[in-house]
Amino acid sequence: MEGVGSSRHHYKVLDSLRGICACMVLLLHVKTQGRISNAALVEHASLFVDFFFVLSGFVIGASYGKRLVDGYSVGHFMRKRIARVYPLHFAMLVCFVLFELCLLIFGGDRLGRPAFEGLQSPKNLIDALLLIQIFPGGDPMAWNFPSWSIAAEVWIYLVFALVLRTAGRHLVPICLGIAVAVPLLLLSQPDFSPVMYQNALLRCAMGFALGLVGWRCMNRIKAMQLPAWTDHGLELVTAIALVAFISCLGGGRLSVLSPFLFLIAVLVFGREKGVVSDCLKRPKVVEIGALSYSIYLIHIFLYYRLLNLLSVIERHVAVDLVVDTQTGKAIGGGVWIGDGISILFLIFVMGCASLSRRLIEGPGRALFETYLSAPGAQPAHLEVSAQTSDVVAADGQ
């Protein structure tokens, strides 16, 4: 990840935080009867999407902000971003379509639904392919539903690229105005709900705007000379505040303020000088951050297939491994089985994400850039670490 301006810096701590947040959202989606699934921090883990939006704004500002202000092509910028996020998104839609074809050919009676209907309708598939499922008439929960945030980020990329290109000198007041207006607008809604995909563009715009403000502040924050104990204390207090806020307020109206807390987290951990940062800079933890994009986009498909597998297994054992809840299917079997499956599934997805990153993300990006780049266009060499810092999250509801 690059720092502000012309300096180059890889923020390993922020990479690690991104990976941890990705794992939390995964655990949120793995519904079980275990303690992990029912912990308050996990139940409200959808708020980590706001962290991804803030971090994305910070990253894009660090990588492209100054160049866009100075005249860098918005078209080329968008081609680079689409080349980054679209290949794995497309690959996962192909996986979902192939599964629906299997239902069509072999019959979907065992799953209790016909193929290519409901959330898996052809119309919803077209919306997902065009990344317009978050607009009126679309269904953000259709197909690979974590991709709602991909759609939000792609359109917000375009909006803020135009802002930087045309009014970049006034970026901070514009972003602060957005960050203040969005919570007021959301809280004024009579049917307000903390479910983020219902206000995808607004939530993404708010987080992205605050991330850009963080980018403009980071040089000064990093240059501050503080005693070592101050950095240690700031990181510990910030980490505790994040856990407490998400656990206690994640399901309420005040959750709309989470991007402000996440901005503080980005600025505090961007210094990388505290005891928490020392732990987060360990190579194994940083590697989880490198896998975060794949973790997000592949885990729902794998979780659905896990439910299918458990449905088959429970016919031969005296345990209800899949149970019905008010929010849909969940993994049964009690507390210990639930927690064991949560942990084992997380490890399994990480392994699959490692393959996905090597076999789809990297080659797909190179292929898309080859065909999307304009002839003679200047390469965008200021990418954010080898895997980039794009964070597209799954919603937690």
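Quick caveat: nothing in here was measured; it's all calculated off a predicted structure.

### A look at the side chain of T238
Secondary-structure assignment places T238 in helix α10 (residues 228-249). Excluding anything up to four places from it in sequence, T238 contacts A265, V268 and F269.

### Thoughts on the pairing of strand β1 (residues 322-325)
Relative to strand β2 (residues 328-331), β1 runs antiparallel, the two sharing four bridges. Bridging from a neighbouring strand, D324 pairs with K329 of β2. Where β1 folds back onto β2 in an antiparallel hairpin, the turn is made up of two residues.

### Observations regarding the pattern of salt bridges
Counted under the stated rule, the structure contains nine salt bridges. Of the charged contacts in the structure, one is a salt bridge between D70 and K66, with a shortest N-O distance of 3.0 Å. Among the salt bridges present, the one from E287 reaches R357, with a minimum N-O distance of 3.8 Å. Linking E287 in helix α13 (residues 283-290) with R357 in helix α15 (residues 335-372), this pair joins segments that are 70 residues apart in sequence. In this structure, a network of salt bridges that share partners links the residues K66, D70 and R169.

### Quick notes on α10
Look at α10: 31 Å from first C-alpha to last across 22 residues, which is about the 32 Å you get at 1.5 Å a residue. What α10 keeps buried is the set T230, D231, E235, T238, L242, F245, I246 and S247. Tucked into the core, α10 has its buried residues touching α3 (40-43), α4 (48-69), α11 (258-270) and α12 (275-280).

### Structural notes on unusual backbone geometry
Excluding glycine, residues mostly carry a negative phi; peptide bonds, for their part, are mostly trans. With phi around 55°, F116 is a residue other than glycine that occupies positive phi space. As for its position among the elements, F116 is in the loop between α5 (74-106) and α6 (122-130). One non-glycine residue with positive phi stands out, namely W143, at about 50°. Assignment of secondary structure puts W143 in the loop between α6 and α7 (148-167). Under the relative-accessibility criterion, W143 is labelled buried at 0%.

### Let's talk about the packing of aromatic side chains
Enumeration according to the criterion identifies 19 aromatic pairs in this entry. Their ring planes at 40° and their centres at 6.5 Å tell us that F48 and F262 sit as a pair that is tilted. Of the two residues, F48 is situated in helix α4 and F262 in helix α11; the sequence distance between them amounts to 214 residues. On the accessibility criterion, F48 (9% relative accessible area) is buried. With a relative accessible area of 2%, F262 lands in the buried category. The interplanar angle of 65° and the centroid separation of 6.0 Å between the aromatic rings of F51 and F52 together place this pair among those described as edge-to-face. You can call F51 buried: its relative accessible area is 2%.

### Let's talk about the layout of surface pockets
Of the pockets and cavities examined, the second largest pocket occupies roughly 270 Å³. Lining the second largest pocket are 15 residues, with L17, I20, F48, L242 and V243 positioned closest to its centre. Elements with a contribution of two residues or more to the lining of the second largest pocket: α1 (12-29), α4, α10, α11 and α12. If you tally residues by element for the lining of the second largest pocket, the top one is α1, at four residues.

### Regarding the confidence of the model for the chain
For the chain, per-residue confidence averages 85 on the pLDDT scale, and 89% of positions sit at 70 or higher. Note that residues 376-397 has pLDDT below 50 and, in this model, 91 contacts with residues that lie over four places away or in other chains.

### A short note on the packing of α4 against helix α9 (residues 200-223)
Contact pair α4 / α9: the axes reach a minimum separation of 6 Å and the direction vectors enclose 50°. Taken together, the axis directions place α4 and α9 in an arrangement best described as oblique. The way α4 lies across α9 gives a crossing that is right-handed. Where α4 approaches α9, its residues D50, F53, V54, S56, G57, F58, I60, G61, A62, G65 and K66 are matched on the opposing element by R203, C204, G207, F208, G211, L212, G214, W215 and M218. Its residues assigned to classes, the contact of α4 with α9 comprises ten nonpolar, seven polar and three charged.

### Some details on the environment of L346
Within the secondary structure, L346 sits in helix α15. On the basis of relative accessible area, L346 is assigned to the buried category, the value being 16%. Each C-alpha atom of the pair L346 and L27 lies 7.4 Å from the other, and the pair is 319 residues apart in sequence. When near neighbours in sequence (up to four residues on either side) are disregarded, L346 contacts C23 and L26.

### Quick look at the nonpolar core
In globular proteins that are soluble, nonpolar side chains generally tend to be buried together. The biggest cluster of nonpolar side chains holds 115 residues, and the ones touching the most others in it are F48 and F77. Ranked by the residues each element gives to this core, the list is headed by α4, at 14 residues. Excluding its chain neighbours within four sequence positions, the residues that come into contact with F77 are I60, Y64, L68, Y72, Y157 and A161.

Procedures and definitions
- Residue numbers here run from 1 along each chain, matching the order of that chain's written sequence.
- This being a predicted model, a pLDDT of at least 70 is required before a residue's local features are given, and a value of 80 or more before pairs of side-chain atoms are given or counted; all residues contribute to the totals for chains, interfaces and linings.
- To get the side-chain values, take all heavy atoms of the structure and skip hydrogens and water.
- Each helix is a run of DSSP H or I of at least 4 residues and each strand a run of E of at least 2, with the numbering of both proceeding from the N terminus.
- Working rule for contacts: check all heavy atoms of both residues, and any pair within 4.5 Å makes them a contact.
- Only strands joined by at least two bridges in the DSSP assignment are considered to pair.
- Think of a salt bridge as a Lys or Arg side-chain nitrogen and an Asp or Glu carboxyl oxygen that are within 4 Å of each other.
- What a helix should span is 1.5 Å times the count of its residues minus one.
- When accessible area is computed with a 1.4 Å probe and restricted to protein chains, residues below 20% of their type maximum are described as buried, those above 50% as exposed, and intermediate ones as partly exposed.
- Pairing of aromatic rings covers Phe, Tyr and Trp, the last through its six-membered ring, and needs centres within 6.5 Å; plane angles under 30 degrees mean stacked, over 60 mean edge-to-face, and all others mean tilted.
- Computed over the protein atoms alone on a 1 Å grid, cavities are sets of points where a 1.4 Å probe fits but cannot get out and pockets are open sets with protein on both sides within 12 Å along at least five of seven lines; a residue lines them when it has an atom within 4 Å of a point.
- Grid points are joined across faces, edges and corners, and a volume is the space filled by probe spheres set on the points.
- Per residue, pLDDT captures the predictor's confidence, and it can take any value from 0 to 100.
- Working convention: axes come from line fits to C-alpha atoms, limited for helices to the stretch in contact. Angles between N-to-C directions cover 0 to 180 degrees.
- Each angle gets one of four labels, with under 35 degrees taken as roughly parallel, over 145 as roughly antiparallel, 65 to 115 as roughly perpendicular, and the rest as oblique.
- By the definition used in this description, the sense in which the near helix is turned from the far one sets the handedness, with an anticlockwise turn below a right angle giving left-handed and a clockwise turn giving right-handed.
- The nonpolar class holds Ala, Val, Leu, Ile, Met, Phe, Trp, Tyr, Cys and Pro. Asp, Glu, Lys and Arg form the charged class, and all remaining residues, Gly among them, are polar.
- Each nonpolar core is a collection of buried residues, namely Ala, Val, Leu, Ile, Met, Phe, Trp, Tyr and Cys, held together in the definition by side-chain atoms within 4.5 Å.

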